[in-house]
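Notes for the structure review
Listed below are the residues making up each chain.
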Amino acid sequence: MNITLKVWRQNGPKDKGGFETYDVKDVSPDMSFLEMFDVLNIDLEKDGKEGIHFDHDCREGICGMCSMYINGKPHGPKDAVTTCQLHMRSFKDGDTIVVEPWRAAAFPVIKDLMVDRTSFDRIMQAGGYVDVSTGGVPDANEIPIPKVVADEAMDAAQCIGCGACVAACKNASAMLFTSAKVSQLALLPQGQVERKTRVEKMVAQMEEEGFGNCTNTGACSAVCPKEISLEHIARMNREYLSAKVSSTNV
Amino acid sequence: MSWITQTLSSSIGKKVLMALTGLFLILFLVVHLAGNLQLLVDDGGQSFNAYAYKMAHNPFIKVVSYGNFFFILLHAVIGIVLTIKNKAARKVGYHVSTKDSESTWASKNMPLLGVIILVFIVVHLMGFWAKAKLGIGEIGFVIIDGVEMHDLYTVVKTAYENILISGFYVISMIALGFHLSHGFQSAFQSLGLNHKKYTPLFKTVGTLYSYIVCFGFAIIPILMYLGISF
Ligand code: HEM
Ligand code: FES
C-alpha cells in the first residue's frame with residue numbers, strides 16, 4: 001500500500017516547526033506504524049536527510065514510550081492499542097495520515113515527534129511509591145487482599161504512563177494518569193502508610209507542572225491504550241478531599 | 001496559605017466548588033421553574049403576582065436568594081479561572097482536532113455555554129429583578145386580596161411579547177439544557193461520587209432533569225408570546 005504522511009518536524013524546543021509531507025511507497029499492511037517510520041527514516045538517510053525523531057522502546061505496548069498523535073487521536077484510530085502495536089492494515093491504500101507530537105505545556109517538544117514527559121516522572125517522585133523495609137521473603141498469603149480489590153488495583157496499575165490522556169484532553173489534564181497511580185497504591189495494604197501524604201503531594205506536583213484541570217469529558221479514558229477508567233479520577237478526588245481534611249500536614 | 005484555602009484553590013478543590021455551587025443552582029432552578037409555570041395560569045397574572053409577593057416577603061427566601069447570587073458569581077468566577085488555566089495548559093494546538101467517541105459536545109463547550117447563561121442572567125436580572133427591587137424602569141401595581149403589590153406579571157408579559165426577548169430566552173434555555181446535560185452528572189464525578197450502582201442513575205436523572213428544565217423554562221415565553229394560557 002502507498003501512504004502519504006504529513007509529519008510535524010521541529011528541529012528543537014525553540015524551533016518554530018512545521019509539517020513535512022512524505023510519500024511512503026510499498027508499505028506492507030503487516031508493518032507496525034513504527035516500522036513504517038523506520039523504513040521511511042532509512043530512505044531519508046539514504047538521501048542524506050535527517051530521519052524523523054520519535055520515541056519508542058519496547059515496541060510491545062508495555063513501556064509507554066511511543067507517543068504519536070495520529071489523525072486526531074493519540075496512538076491512532078484503534079481502541080486500546082499503543083502506536084507500536086498499531087498496524088498499517090488499520091489504514092487504507094492511498095490514505096493521508098497526519099502525525100503530530102503530544103501537545104501540552106507540560107510536555108514540551110524536544111525534537112519532531114519527541115516530547116519531554118519528565119513531568120510525569122516528577123509526579124511519581126512526589127509520592128508514587130511505597131516505602132518497604134526489605135527483609136526475608138514474606139509468606140505469600142501473609143497479607144490477604146480480596147480478589148475484587150486486587151483486580152481494581154491491577155486495572156489501575158496497567159497505566160504505562162504514555163501520556164495519551166494528556167494529549168487527548170482538551171485541557172491537557174493529567175488527572176487520569178495521576179489518579180491511576182494514586183488508586184493503585186491506595187487500594188492495596190502496602191500503600192496505606194503514605195496514603196494521605198501521597199495523594200496530597202502528587203496532586204500538588206501535577207498542578208506545579210502546569211497540567212490543566214478535569215472537565216470530566218472522558219476523552220482521556222476513551223483514548224487510553226490500557227482503558228483506565230474514570231472511576232480512578234473519582235477515587236483520587238475522594239482520597240484527596242479526605243486526606244486534606246484528616247491528614248496532619250498543615 | 002492555610003490548608004483550607006490551599007485545598008479550595010487546588011485543581012480538585014476548584015472543581016468541588018464548581019460542583020457544589022452547580023448542584024445548589026440545580027436545586028434553585030426547580031423552585032424557580034415551579035414558580036414561573038404559574039405565569040401560564042389563565043387568571044390575568046393573579047397567582048403569579050401573589051406568588052412573587054410571597055417570595056419577596058419571606059425572610060428565608062431572602063437569605064436563600066442572596067446565597068444564590070453569591071453562588072452564581074462564585075461558579076462563574078471559578079469557571080472562568082479554570083478555563084483560563086486549561087487554555088494555558090496547551091499553548092500550541094493540534095492541526096487535526098481530537099476525535100473521540102465518548103466526550104459529548106456539551107462537555108467540550110461548558111465555558112461557552114456558561115458564558116451564554118451568564119449573559120442571560122444579567123439581561124434577566126436587569127429586565128425583571130431590577131425593576132421590582134431597585135425600582136428601575138416602569139412597573140405597575142395591582143391589588144390582590146386587599147394587598148397592594150408589584151404587577152410583575154405585566155412586566156413579564158410585555159417583555160415576552162417582544163420576539164427578540166422571547167427568542168433570546170429560548171436560546172439561552174437551550175444553552176442551559178446543554179450545560180446541565182453534562183454538568184449534572186459531572187458534579188457527582190467531581191465530588192468523587194462515582195459508583196457502579198449510582199452513576200448510571202445520576203446520568204439518567206441528569207438527562208431527564210436537563211430536558212425538563214430546558215423545555216419547562218422555554219415553553220413559558222413561547223406560550224406567552226402566542227398568548228396561550230391554561
Ligand atoms: C443556573 C445556572 C448554572 C447551573 C445550574 C450550572 C451548573 C453547573 C454544573 C452542575 C457544573 C458541573 C460541575 C462539575 O463538573 O463539577 C457546571 C460546570 C461549569 N459551569 Fe456552570 N452552571 C450554571 C451557570 C454557569 C455560568 C453563569 C457560568 C459562567 C461562566 C458557568 C460556567 C461553567 C463552567 C466553565 C463549567 C465547567 C467547569 C469545568 O469542568 O472545568 N456555569 N455548571
Ligand atoms: S514502544 Fe513501548 S509501548 Fe510502544
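In this text, all values refer to a predicted model and were calculated from it rather than measured experimentally.

Scanning chain A from terminus to terminus reveals 8 helices and 7 strands. For the C-alpha atoms alone, the extent of chain A along its principal axes is close to 60 × 40 × 35 Å. Split into buried and exposed, the 250 residues of chain A put 52% on the buried side. Surface exposure of chain A reaches about 11200 Å², of which carbon and sulfur atoms provide 50%. Once the 27 positive and 35 negative side-chain charges of chain A are each reduced to a mean point, those two points are 4 Å apart.

Turning next to the overall build of chain B. Secondary structure summary: chain B contains 9 helices and 2 strands in total. Starting at the N terminus and ending at the C terminus, chain B contains elements arranged as α-α-α-α-α-α-β-β-α-α-α. The C-alpha extent of chain B, read off along each of the three principal axes, is 60 × 40 × 40 Å. Taken across its 230 residues, chain B has 42% of its residues classed as buried. Within chain B, contacts between residues at least 6 apart in sequence are counted, and of these 74% link residues at least 24 apart. With an accessible surface of roughly 12800 Å², chain B has 73% of that area assigned to carbon and sulfur atoms. Of note, chain B has its 16 positive side-chain charges centred 24 Å away from the centre of its 9 negative side-chain charges.

Take the domain arrangement of chain A next. All names here are of chain A. Once the domains are mapped, chain A shows domain 1 (3-111) and domain 2 (117-249). Computed over C-alpha atoms, the centres of domain 1 and domain 2 are 29 Å apart. Domain 1 puts 21 residues into the contact, and the matching count from domain 2 is 21 residues. A combined buried area of about 1400 Å² lies between domain 1 and domain 2, and 63% of that area is made up of carbon and sulfur atoms. It is Ala80, Ala106 and Phe107 that lose the most area in domain 1 upon contact with domain 2, and together they represent 34% of the buried surface on that side. Run the count over domain 1 and domain 2 and you get 1 salt bridge. Between aspartate 55 and arginine 117 there is a salt bridge, and its shortest N-O distance comes to 3.4 Å. On the surface where domain 1 and domain 2 come into contact, there are 8 residue pairs in polar contact (both at pLDDT 80 or more). In terms of residue class, the side of domain 1 that touches domain 2 is built from 12 nonpolar, 5 polar and 4 charged.

On to the coordination of the iron atom of ligand 1. Residue and element names in this part refer to chain B. Coordination of the iron atom of ligand 1 by the protein comes from His75 (NE2) and His179 (NE2), over a distance range of 2.0 Å. Coordination at the iron atom of ligand 1 is octahedral: its 6 donor atoms span angles of 87 to 179 degrees at the metal. Taken together, the residues span a long stretch of sequence, with histidine 75 in helix α4 (residues 59-88) and histidine 179 in helix α8 (residues 163-190) at a distance of 104 residues. Exposure remark for histidine 179: the relative accessible area of 14% places this residue in the buried category.

Turning our eyes to something else, we now look at the sheet that holds strand β2 (residues 18-24) of chain A. Residues and elements named next belong to chain A. Read across the open sheet, the 5 strands follow the order β2-β1-β5-β3-β4; overall the sheet is mixed. Lying at the two open borders of the sheet, with one neighbouring strand each, are β2 and β4 (73-74). Against the sheet, helix α1 (residues 33-46) engages β1 (3-9), β2, β3 (69-70) and β5 (96-100), with an angle of about 80 degrees to β1.

Okay, helix α7 (residues 152-160) of chain B next. For α7(B), the full list of buried residues reads B:Leu152, B:Tyr153, B:Val155, B:Val156, B:Ala159 and B:Tyr160. Along the long axis of α7(B), the arc covered by the buried residues comes to 165 degrees, so they all point the same way.

Moving on: the interface of chain B and chain A. Counting residues at the interface gives 37 residues for chain B and 48 residues for chain A. For the pair chain B and chain A, the summed buried area comes to about 3500 Å², and 52% of that belongs to carbon and sulfur atoms. Contact with chain A buries area across many residues of chain B, yet B:Ile12, B:Arg90 and B:Tyr94 alone supply 18% of it, more than any other trio. The interface formed by chain B and chain A includes 1 salt bridge. Put simply, A:Glu231 and B:Lys196 hold a salt bridge, and the shortest N to O gap is 3.9 Å. The interface formed by chain B and chain A holds 25 residue pairs in polar contact (both at pLDDT 80 or more) in total. Secondary-structure elements contributing two or more residues to the side of chain B that touches chain A are α1 (3-9), α2 (11-36), α4, α5 (105-108) and α8 of chain B. Grouping the constituent residues of the side of chain B that touches chain A by class yields 11 nonpolar, 17 polar and 9 charged.

This part is about the environment of B:Ser47. Residues and elements named next belong to chain B. Counting through the fold element by element, serine 47 comes out in helix α3 (residues 46-56). By relative accessible area, which is 23% here, serine 47 ends up partly exposed. Taking the C-alpha atoms as reference points, serine 47 and leucine 223, 176 residues apart in sequence, are found 17 Å from one another. Once residues lying within four places of it in the same chain are set aside, the contact partners of serine 47 are Gln38 and Val41.

Cut-off values and rules
Residues numbered from 1 in each chain as written. Chains lettered and ligands numbered in written order. Predicted model: local features only at pLDDT ≥ 70, side-chain atom pairs only at ≥ 80, totals over all residues. Heavy atoms only, no water. Helix = DSSP H or I, 4+ residues; strand = E, 2+ residues; numbered from the N terminus. Buried < 20%, exposed > 50% of the residue type's maximum accessible area, 1.4 Å probe, protein only. Areas by Shrake-Rupley, 256 points an atom, 1.4 Å probe, with all protein chains shown as cover. Lys, Arg positive; Asp, Glu negative; His and termini not counted. Charge placed at Lys NZ, Arg CZ, Asp CG, Glu CD. Contact = heavy atoms within 4.5 Å. Domains from an automatic or database assignment. Buried area = accessible area lost by both parts, 1.4 Å probe. Salt bridge = Lys/Arg side-chain N within 4 Å of Asp/Glu carboxyl O. Polar contact = N/O pair within 3.5 Å; in protein donor to acceptor, adjacent residues only side chain to side chain. Nonpolar A, V, L, I, M, F, W, Y, C, P; charged D, E, K, R; others polar. Donors = N, O, S within 2.8 Å, 3.2 Å for Na, K, Ca; no water. Tetrahedral: all angles 85-135°; square planar, octahedral: opposite > 155°, others 65-115°. Pairing = 2+ DSSP bridges. Axes fitted to C-alpha atoms, helices over the stretch in contact; angles between N-to-C directions. Arc of directions from axis to C-beta.

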